[in-house]
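# Observations on the three-dimensional arrangement
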Amino acid sequence: MKLRSTALVKGFRQSAPYVNAHSGKTVVIMLGGEAIADPNFANIVNDIALLNSLGLQIVVVYGARPQISHLLTSQGYTTPYHKGIRVTDARALELVKQAAGQLQLDITARFSMGLNNTPMAGAQINVISGNFIIAQPLGIDDGIDYYHTGRIRRIDIDGIQRQLNQHSIVLLGPVASSVTGECFNLTSEEVATQLAIRLKADKLIGFCSEQGVIDLDGEVASEMLPNEAETALQRLIEAQEDDCGTARFLRGAVSACRAGVPRSHLISYKEDGALIQELFSLDGIGTQIVMASAEKVRGAGIDDIGGILDLIYPLEQEGILVRRSREQLEQEIEQFTIIERDGLIIACAALYPFPDEKIAEMACVAVHPDFRDGDRGVILLNRLRQQAKEQRLKHIFVLTTRSVHWFLEQGFIESDVEQLPMAKKALYNFQRRSKILVLAV
């Protein structure tokens, strides 16, 4: 008899909404040379191929900074940096082209593997590279001539989009040609950022040695607004770490976010499966840079009934919540407030007013188990208090059997059945013996 894996089933069910949400979306993935050199790179390629098979439109931008530096050192040649950008003279350019060209061939070969022991065995992955980017010289700055270091002049967005529409992965590197036929060395972060902006991509994804941006407490910051990302970048600059993968990504992510790219994700290139966990799990694994919080508090609508039922069902099974049918929810849906994250309902609560007695019931309070360490219950309570004030109510009451202490911490006080509104008093279940708690609005 085969053993059943409930964890596998739960994970598959949890990821299903994300598979549907990401299908057809455009993603720009920035792979620094450090990620390519890491032993986990083969797994990253497999995961990118998996995303392609799930219908995502993918542009991969690779860098070659450590590979270029290694090749220069092996040739006994050094190049100066100015403002964090390599000065590329004619001799250095030849080595840059050599390193970048080798990486392009290696990455393409990885995507072309058809070995039986790879997750994408038998899948046909078309990888397209070409002259989609036209460069121009960076010029002279502070008297320093950058020579063959360049910047983007224009991008053939229509040409790239045609390839994406054919389900191909577009692979672009740090070397691009100019209208005069010269080659220029670009930074991969500029290429990735400008592609994300001009393609109107849904996501920009980057890799670093850590699991994301590390905050002052040594923890991974799960979500940052652009100004918070700039503060983190400034800390790296002050620590003289402005050349690390995290710093390079943050510069691009802030620009992309402010130019309309909804989300940028930073994850570890050392963690097997980090890309899949970040995109297809409830709370991700790395750091998101977003213009607005990924979570929204709003009134519920008829389309939210399925999500609310999924959320409250386990609590009903445990006897924590009184069971509600779909029909009852349809009738009462306007009383519900929800917290939504990435299209999933992770918390809900309902407010049932009794206007004649200037009181309302807060009921059906539920928070998804993976999000109970935050303040989402408090957020819902504050929203419902505001609704009660707008309706000129004086008090809110709750009936609870398990969460007495939490409500007491929020300022509720114990009461008795006599304090309930008449209609609710008649329905009070003396066998259930729920505690009655009241809060002044």
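These lines cover the structure that appears in this document, whether it is placed above or below. Values in this document were obtained by computation on a predicted structure and should not be read as measured data.

### A short note on helix α13 (residues 376-390)
Taking 1.5 Å per residue, 15 residues should reach 21 Å; α13 reaches 21 Å between its end C-alpha atoms and fits that length. Regarding α13, the residues found buried are R376, G377, L380, L381, L384 and A388. Buried residues along α13 cover an arc of 140° about the axis, so they all sit on one side. In the stretch just after α13, R392 is the one whose phi turns positive, near 60°.

### Brief notes about the state of the cysteines
Applying the stated rule across the entire model yields zero disulfides. Just so you know, C257 is unpaired, no disulfide at all, and the nearest cysteine sulfur is the one on C208, 17 Å from it.

### Regarding the sheet that holds strand β21 (residues 395-400)
An order of β17-β18-β19-β20-β21-β23-β22 is seen for the seven strands of this open sheet, with the pairing classed as mixed. Each edge of the sheet is formed by a strand with only one pairing partner; in this case those strands are β17 (295-299) and β22 (413-414). As paired strands, strand β19 (residues 344-354) and strand β20 (residues 359-367) are joined by seven bridges and run antiparallel to one another. Bridge assignment links P353 to a residue of β20, and that residue is A360. Contacts between helix α11 (residues 305-317) and the sheet are confined to β18 (336-341), β19 and β20, with β19 contributing the most and set at about 85° to the helix. Sheet strands in contact with α13 are β17, β18, β19, β20, β21 and β23 (435-440), and its direction is about 30° off that of β19.

### Overview of the sheet that holds strand β14 (residues 223-224)
Strand order in the open sheet formed by eight strands is β5-β10-β2-β1-β13-β15-β16-β14, and the pairing between neighbours is mixed. Here the strands that pair on one side only, and so sit at the sheet edges, are β5 (127-128) and β14. Relative to strand β10 (residues 169-172), strand β2 (residues 57-62) runs parallel, the two sharing three bridges. Paired with V61 across the two strands is L172, which belongs to β10.

### Quick look at unusual backbone geometry
For Q240, which is not glycine, the phi torsion reads 60° and is therefore positive. Its relative accessible area of 71% is what places Q240 among the exposed residues. One non-glycine residue, R392, lies in positive phi territory at about 60°. Mapping R392 onto the fold places it in the loop between α13 and β21.

### So, the pattern of salt bridges
Counting across every chain of the model gives 13 salt bridges. Where K83 meets D141, a salt bridge forms, and the shortest distance between an N and an O atom there is 3.0 Å. Here K83 is found in the loop between β3 (81-82) and β4 (85-86), whereas its partner D141 is found in strand β7 (residues 140-141), with 58 residues between them in sequence. Take D141: its relative accessible area is 23%, and that puts it in the partly exposed class. The shortest N-O distance in the salt bridge between R298 and D304 comes to 2.9 Å.

Quick notes on the rules
Residues numbered from 1 in each chain as written. Predicted model: local features only at pLDDT ≥ 70, side-chain atom pairs only at ≥ 80, totals over all residues. Heavy atoms only, no water. Helix = DSSP H or I, 4+ residues; strand = E, 2+ residues; numbered from the N terminus. Expected span 1.5 Å × (residues − 1). Buried < 20%, exposed > 50% of the residue type's maximum accessible area, 1.4 Å probe, protein only. Arc of directions from axis to C-beta. Disulfide = S-S within 2.5 Å. Pairing = 2+ DSSP bridges. Contact = heavy atoms within 4.5 Å. Axes fitted to C-alpha atoms, helices over the stretch in contact; angles between N-to-C directions. Salt bridge = Lys/Arg side-chain N within 4 Å of Asp/Glu carboxyl O.

All quantities given are derived from atomic positions and should not be read as evidence of function.
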